[in-house]
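Topology and contacts: notes
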Amino acid sequence: AQKVTQAQTEISVVEKEDVTLDCVYETRDTTYYLFWYKQPPSGELVFLIRRNSFDEQNEISGRYSWNFQKSTSSFNFTITASQVVDSAVYFCALRIYNQGGKLIFGQGTELSVKP
Amino acid sequence: GAGVSQSPSNKVTEKGKDVELRCDPISGHTALYWYRQSLGQGLEFLIYFQGNSAPDKSGLPSDRFSAERTGGSVSTLTIQRTQQEDSAVYLCASSLTATTAADTQYFGPGTRLTVL
């Protein structure tokens, strides 16, 4: 069975702190894709990143960075110098190559950045 | 260009009534998905359509739920004889394709359904 676990339900930080959101996934398949989405208070899910299982290169986009480690089945997300606008619920998701297009989501991590 | 749109944004209905939720995908996207977000269950896949292929209905929770996609574009999710446990936010997403590198799903704002 496939599963995504985001063990951190809620995280609270003060502005300018760095914060890492954990994502651990389970699958026996060798080809899969991992995603992160942001859901701000407005409610709309916003796509952040897509990574395939054959590409373990870490990625940096501005203050955002992602660390993909197949050895530990983890795809963690770090926000550097957090800002109040980063406050949102963040979801990690998994798609299996031969199982169509559906995404399997983790339970989400609610990040609160206080000024 | 325009993103995924959904209507209505909010729907309040009485237990036992039928409801229809609408989704307009991004123009040119061949794949369309429905998910449900509720407090107890998180984000759950319901159904997806890819071009003219038979839809993947594996996530529909009961036979009270159905969906169709007309002309490869607009989709309607229908819930018959609504129950209180159907109360949730219903999210629609679309992607260029479902099974290639162009599979990133872009989500609409959702329809909040409340069953009294």
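Refer to the structure presented above.
In this report, we go over the structure that sits alongside the text. Computed from a predicted model, the values in this text were never measured in an experiment. Residue indices follow the written sequence of each chain, beginning from 1 at its first position. Whichever chain is written first becomes A and whichever ligand is written first becomes 1, with later ones labelled in order. With the structure being a predicted model, the display of local features is reserved for residues of pLDDT at least 70 and the display and counting of side-chain atom pairs for 80 or more, all residues being used for whole-chain, interface and lining totals. Side-chain metrics in this entry use all non-hydrogen atoms of the structure; hydrogen atoms and water are not considered.

Considering the nonpolar core
Residue and element names in this part refer to chain A. Put simply, a nonpolar core is a bunch of buried Ala, Val, Leu, Ile, Met, Phe, Trp, Tyr and Cys residues held in one set by side-chain atoms that sit within 4.5 Å of each other. Three labels apply to residues, based on accessible area from a 1.4 Å probe with only protein chains included: buried if under 20% of the type maximum, exposed if over 50%, partly exposed otherwise in between. Core analysis: the biggest nonpolar cluster contains 25 residues, and Trp36, Phe77, Tyr90 and Leu111 have the highest contact counts within it. Among the secondary structure elements, those contributing two or more residues to this core are β2 (10-14), β3 (19-21), β5 (32-39), β8 (64-69), β9 (74-79), β10 (88-96) and β12 (109-114). Secondary structure counts use DSSP, requiring at least four H or I residues in a row for a helix and at least two E residues in a row for a strand, with both numbered from the N terminus. The element that contributes the greatest number of residues to this core is β10, accounting for five residues. Throughout, a residue-residue contact means that at least one pair of heavy atoms, one from each residue, lies within 4.5 Å. For Leu111, the residues in contact, after removing those within four places along its chain, are Ile11, Val13, Val19, Ile79, Asp86, Ser87, Ala88 and Tyr90.

Details of the sheet that holds strand β1 (residues 5-7) of chain B
All names here are of chain B. Only strands joined by at least two bridges in the DSSP assignment are considered to pair. Spatially, the four strands line up as an open sheet ordered β1-β3-β7-β6, and their pairing is antiparallel. Single-partner strands in this sheet number two, and they are β1 and β6 (65-69). The mean angle between the axes of side-by-side strands here comes to 15°, regardless of whether they run parallel or antiparallel. As paired elements, β1 and strand β3 (residues 19-24) share three bridges and run antiparallel to each other. Directly across from Ser5, in β3, lies its bridge partner Asp24. The convention used is that axes are lines fitted to C-alpha atoms, helices contributing only their stretch in contact, and that angles between N-to-C directions extend from 0 to 180 degrees.

Digging into the state of the cysteines
Residue and element names in this part refer to chain B. Cysteine sulfur atoms that pair up within 2.5 Å are treated as a disulfide. Going through the model one piece at a time under the given rule, you end up with two disulfides over all chains. In this model, Cys23 is linked to Cys92 through a disulfide, with the two sulfur atoms separated by 1.8 Å. Torsion about the S-S bond of the Cys23 and Cys92 cystine: about -65°, corresponding to left-handed handedness. Taken together, the residues span a long stretch of sequence, with Cys23 in strand β3 and Cys92 in strand β8 (residues 88-95) at a distance of 69 residues. The burial state of Cys23 is the same as that of Cys92; both residues are buried.

Some remarks on the side chain of Ser95 of chain B
Considering the arrangement of structural elements, one finds Ser95 of chain B in strand β8. Here a polar contact means two N or O atoms within 3.5 Å. Within protein one must be a hydrogen donor candidate and the other an acceptor candidate, and residues neighboring in sequence count only if both atoms are side-chain atoms. Among the polar contacts listed, one links the side chain of Ser95 of chain B to the side chain of Tyr33 of chain B, at a separation of 2.8 Å.

A look at the pattern of salt bridges
Two side chains bearing opposite charge may form a pair once their charged atoms approach each other closely. By convention in these notes, a salt bridge is any Lys or Arg side-chain nitrogen within 4 Å of a carboxyl oxygen on Asp or Glu. Using the criterion set out here, one finds eight salt bridges over all chains in the structure. Asp86 of chain A serves as the salt-bridge partner of Arg63 of chain A, at 2.8 Å between the closest nitrogen and oxygen. Residue Arg63 of chain A is located in the loop between β7 (59-61) and β8, and its partner Asp86 of chain A is located in the loop between β9 and β10; the two are separated by 23 residues in the primary sequence. Asp86 of chain A gets classed as buried once you look at its relative accessible area, which sits at 1%. For Arg36 of chain B, the salt bridge identified is with Glu44 of chain B, shortest N-O distance 3.2 Å. Ionic contacts of the salt-bridge type, sharing partners, join the residues Arg50 and Arg95 of chain A together with Asp103 of chain B into one network.

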